[in-house]
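# Tertiary structure, described
Chain by chain, the residues:
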Amino acid sequence: MGLPILDLREPSSALSRQVDEICRDIGFFVIVGHGVDATVIADAWNVTGRFFDLSSADKAAARHPTEDHHPYGYFPAGQEALAASIGLDTPPDIKESFNLAPPPTHEDGTGRFGGVDRIWPDALPELRPAWEAYYDAMVGLSERLLALMAASLDVPPSLFLDTVDRHLSALRGLNY
């Protein structure tokens with residue numbers, strides 16, 4: 001059995017019935033026809049590769065602050081260990097990452113993840129517009145999906161959308 005495919009180009013009424021059925025039966029689906037501009041995707045992908053190709057010094061200039069609560073900016077290989085998030089002591093991960101914070105106006109109440117400035121590398125100014133365009137496109141897509149899920153439950157779209165208007169979604173590029 002494969003995963004169901006949900007084509008977002010279909011009429012909303014058909015999609016909401018499909019989402020209801022899929023979420024009751026399997027709980028997962030693949031989306032196609034999402035409407036995210038292919039150029040936005042390609043630009044983000046390409047500039048991310050170019051970021052990781054920068055010199056170590058240029059990447060380090062976009063390094064995250066030293067505060068433990070700030071998980072954004074550049075992290076060199078060997079600095080993170082995913083297993084530590086579940087209390088396991090393992091060797092560090094072999095990946096490097098660049099992490100984009102949610103908009104600075106989105107605070108989380110704990111002061112841990114929201115309300116921080118975004119970090120950008122000076123050596124690659126084109127990263128910012130490409131990543132901001134992609135981030136915004138993903139936010140728009142997630143809002144469409146939440147509205148669709150609300151319709152599948154026969155509740156107003158605002159039921160979900162009103163709860164994520166100041167989300168703490170981050171964007172993360174990884175290089176292994």
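Details of the structure are given in the entry above.
Residues numbered from 1 in each chain as written. Predicted model: local features only at pLDDT ≥ 70, side-chain atom pairs only at ≥ 80, totals over all residues. Heavy atoms only, no water.

### A closer look at the overall build of the protein
Rules: Per the convention used, a helix needs a DSSP run of H or I reaching at least four residues, while a strand needs a run of E reaching at least two, with both numbered from the N terminus. Relative accessibility thresholds used throughout: buried, under 20% of the residue-type maximum; exposed, over 50%; partly exposed, between the two (1.4 Å probe, protein chains only). Only heavy atoms matter for contacts: two residues are in contact if any of them lie within 4.5 Å across the pair.
Secondary structure summary: the protein contains five helices and five strands in total. Starting at the N terminus and walking to the C terminus, you meet the elements of the protein as β-α-β-α-α-β-β-α-α-β. Each principal axis of the C-alpha distribution contributes one length, and for the protein these read about 50 × 40 × 40 Å. Burial statistics for the protein: of 176 residues in total, 31% are counted as buried. Here the analysis covers contacts within the protein between residues at least 6 apart in sequence; of these, 62% occur between residues at least 24 apart.

### Things to note about a nonpolar patch on the surface
What counts, and what does not: Here, patches come from residues exposed beyond 30% relative accessible area and free of salt bridges, joined within 9 Å for like charges and within 5 Å for nonpolar side chains (Val, Leu, Ile, Met, Phe, Trp, Tyr). Per-residue and other accessible areas were derived by the Shrake-Rupley procedure at a 1.4 Å probe size, with only the shown protein chains allowed to occlude residues. Basic side-chain nitrogens of Lys or Arg form a salt bridge, by our definition, when they fall within 4 Å of a carboxyl oxygen of Asp or Glu.
Residues Leu3, Ile5, Phe28 and Val30 make up a contiguous nonpolar surface patch of about 400 Å² in total accessible area. Inspection of the secondary structure assignment puts Leu3 in the segment before β1 (5-7).

### Section: the nonpolar core
Operational definition: Take the buried residues of types Ala, Val, Leu, Ile, Met, Phe, Trp, Tyr and Cys, join any two whose side-chain atoms come within 4.5 Å, and each joined set is a nonpolar core.
Grouped together as the largest cluster of nonpolar side chains are 18 residues, with contacts concentrated most on Phe51, Phe98, Leu127 and Trp131. Of all the elements in the fold, those that place two or more residues in this core are α2 (38-52), β4 (96-100) and α4 (127-152). Setting aside anything within four residues of it in sequence, one finds Phe51 in contact with Lys59, Tyr74, Phe98, Pro121, Leu124 and Leu127. Ile22, Val36, Leu141 and Leu148 belong to the second-largest nonpolar core, a separate cluster that totals nine residues.

### A few points about the environment of Tyr135
Stated precisely, the cut-off is as follows: Polar contacts, as used here, are pairs of N or O atoms within 3.5 Å; protein pairs need one atom able to donate a hydrogen and one able to accept it. Residues neighboring in sequence count only if both atoms are side-chain atoms.
Following the sequence through the fold, Tyr135 ends up in helix α4. Sequence-wise, Tyr135 and Leu3 are 132 residues apart; in three dimensions their C-alpha atoms are separated by 26 Å. Ignoring any residue separated from it by four or fewer positions in sequence, one finds Tyr135 in contact with Leu100, Ala101, Pro102, Pro103, Arg118, His167, Ser169, Ala170 and Leu171. Within the structure, Tyr135 has its side chain in polar contact with the backbone oxygen of Ser169 (distance 2.5 Å).

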